[in-house]
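Each chain is listed here by its residues.
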Amino acid sequence: MDFLQTLVSIFMQYGYFAVFGILILCGFGLPVPEDISLTAGGVISGLGYANVHIMFFVGMAGVLIGDTFVFWLGRHYGEKALTLPVLRTVLHPERFDKVREQFKKYGRWVVFVGRFMPGLRMPIFFTAGTSKQISLLLFLLTDGFAALISVPIWVYLGYYFAHNFDELMSWVRSGQTIILILVILALALLGFFFWRKKRREGKGET
């Protein structure tokens with residue numbers, strides 16, 4: 001709770017710019033939980049220091065810009081970028097190799113799942129860029145779809161419980177579980193959609 005209160009105090013002073021900046025730095029591997037940053041943005045909205053709907057768009061922009069820059073680093077510089085201090089401390093060669101193997105198996109779905117894995121998010125997005133298996137547009141669509149699940153949950157959670165930090169923290173602790181359930185449902189719906197599409201195509205051929 002202390003960390004959340006610290007972020008709330010900073011965000012109350014500097015508003016959208018502080019939230020936007022912190023979220024971009026989170027994309028670089030800054031050891032600040034992205035979910036807490038988004039929640040803090042929602043809290044200052046609930047306290048009247050910002051508009052919650054604008055905060056949602058600021059959160060989406062900060063998250064996507066940070067993620068996209070990491071992807072671009074991997075795509076433009078490849079493994080050479082691993083020598084940069086900002087990446088070297090977070091993305092060890094062993095972790096990079098493990099993530100690369102997963103990406104070879106599952107492709108862009110690793111990007112989707114990576115949005116909900118704080119410790120692996122940056123390594124996954126960087127590896128996606130180095131793989132050349134996914135275009136920038138497809139990366140943005142995949143990451144953006146995943147962000148549309150997680151970002152509003154944290155922002156509006158902070159907004160609705162801005163005046164009750166104890167209850168807010170209990171919801172934050174269970175927030176990842178809620179998001180995981182939504183992700184499973186989203187994947188199930190996508191799987192059902194593709195299954196029906198293939199079934200229709202199969203009937204059309206017969």
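Residues numbered from 1 in each chain as written. Predicted model: local features only at pLDDT ≥ 70, side-chain atom pairs only at ≥ 80, totals over all residues. Heavy atoms only, no water.

Peer 1: When you look at the overall build of the protein chain in this model, what are you seeing that I'm missing?
Peer 2: Assigned secondary structure in the protein chain consists of nine helices and zero strands. The buried share of the protein chain, taken over its 206 residues, is 46%. Within the protein chain, counting contacts between residues at least 6 apart in sequence, those at least 24 apart form 77% of the total. (Helix = DSSP H or I, 4+ residues; strand = E, 2+ residues; numbered from the N terminus. Buried < 20%, exposed > 50% of the residue type's maximum accessible area, 1.4 Å probe, protein only. Contact = heavy atoms within 4.5 Å.)

Peer 1: For this particular structure, what's the right way to read the pattern of salt bridges?
Peer 2: Pairs may arise between side chains of opposite charge once their charged atoms sit close together. One pass over the full model with this rule turns up four salt bridges. Ionic pairing is found between E34 and R115, a salt bridge with its closest N-O pair at 2.6 Å. Note that E34 is positioned in helix α2 (residues 34-46) and R115 in the loop between α6 (108-114) and α7 (121-131), a separation of 81 residues in sequence. R115 carries the same exposure label as E34, and that label is buried. (Salt bridge = Lys/Arg side-chain N within 4 Å of Asp/Glu carboxyl O.)

Peer 1: How should the nonpolar core be read in this particular structure?
Peer 2: The nonpolar side chains of a soluble globular protein tend to be buried, and buried together. L4, V8, F11, F116, V151 and L168 are the most contacted members of the largest nonpolar core, which totals 42 residues. If you list the elements that add at least two residues to this core, you get α1 (2-27), α2, α3 (52-77), α8 (136-160) and α9 (165-205). Top contributing element to this core by residue count: α1, with nine residues. Beyond its immediate chain neighbours, meaning those up to four positions away, L4 contacts I36, T39, A40, F165, L168 and M169. Grouped together as the second largest cluster of nonpolar side chains are 14 residues, F71, M122, I124 and F126 included. (Core = buried A, V, L, I, M, F, W, Y, C linked by side-chain atoms within 4.5 Å.)

Peer 1: Is there a simple way to explain the UniProt feature "transmembrane region" (unreviewed entry) in the protein chain in this structure?
Peer 2: In this numbering, the UniProt entry assigns the feature "transmembrane region" (unreviewed entry) to residues 7-30, 50-73, 136-157 and 177-195. What you have in residues 7-30 is 88% helix and 0% strand, and the ends, taken at the C-alpha atoms, are 14 Å apart. For residues 177-195, helix accounts for 100% and strand for 0%, while the C-alpha atoms at its two ends are 27 Å apart. (UniProt positions renumbered as here; feature names shortened; annotations may be inferred.)

Peer 1: Got a minute to help me understand the environment of H76 in this structure?
Peer 2: Structurally, the position occupied by H76 is in helix α3. Under the relative-accessibility criterion, H76 is labelled exposed at 51%. Spatially, the C-alpha atom of H76 lies 7.8 Å from that of T130, the residues being 54 residues apart in sequence.

Peer 1: Sorry if this is basic, but what is going on with the packing of aromatic side chains here?
Peer 2: Two aromatic rings, taken as a pair, are described by how far apart their centres are and by the angle between their planes. Scanning the model with the defined rule gives seven aromatic pairs in all. Taking the centre distance of 4.4 Å and the plane angle of 15 degrees together, the rings of F71 and F139 count as stacked. With F71 in helix α3 and F139 in helix α8, this pair connects stretches of sequence that are 68 residues apart. Overall, the relative accessible area of 0% leaves F139 in the buried class. (Phe/Tyr/Trp six-rings, centres within 6.5 Å; stacked < 30°, edge-to-face > 60°.)

Peer 1: Please explain the side chain of S45 as it appears in this structure.
Peer 2: In this fold, S45 is placed in helix α2. Separated by 3.0 Å, the side chain of S45 and the backbone oxygen of G41 make a polar contact. Aside from chain neighbours lying at most four places away, what touches S45 is A50, N51, V52, M55 and Y159. (Polar contact = N/O pair within 3.5 Å; in protein donor to acceptor, adjacent residues only side chain to side chain.)

Peer 1: Help me understand the packing of α2 against α3, please; the structure alone is not making it clear to me.
Peer 2: Helix packing for two helices is described by the angle between their axes and how far apart those axes are. Two numbers describe how α2 lies on α3: the axes approach to 9 Å, and their chain directions differ by 160 degrees. Considered as vectors, α2 and α3 are oriented roughly antiparallel to each other. The element α2 and its partner α3 pack so that their crossing is right-handed. Two secondary-structure elements touch here, α2 through E34, L38, G41, G42, I44 and S45 and α3 through V52, M55, G59 and V63. (Axes fitted to C-alpha atoms, helices over the stretch in contact; angles between N-to-C directions. Parallel < 35°, antiparallel > 145°, perpendicular 65-115°, else oblique. Left-handed = near helix turned anticlockwise from the far one by under 90°.)

Peer 1: Even after reading the chapter, I still don't get the packing of α3 against α7, so can you show me in this structure?
Peer 2: Running from N to C, α3 and α7 point in directions that differ by 45 degrees, and their axes come no closer than 6 Å. In terms of axis orientation, α3 runs oblique to α7. Once α3 is placed against α7, the crossing between them reads as right-handed. Only R121, M122, F125, F126, A128, G129 and T130 of α7 make contact with α3, whose side of the interface consists of D67, V70, F71, L73, G74 and R75.

Peer 1: Can you help me understand the confidence of the model for the protein chain in this one?
Peer 2: The predicted coordinates of low-pLDDT regions are not to be read in fine detail. Overall, the prediction assigns the protein chain a mean pLDDT of 82, with 86% of residues at 70 or greater. Across the protein chain, the element-wise mean pLDDT spans from 63 in helix α4 (residues 85-88) up to 93 in α2. (pLDDT = per-residue confidence, 0-100.)

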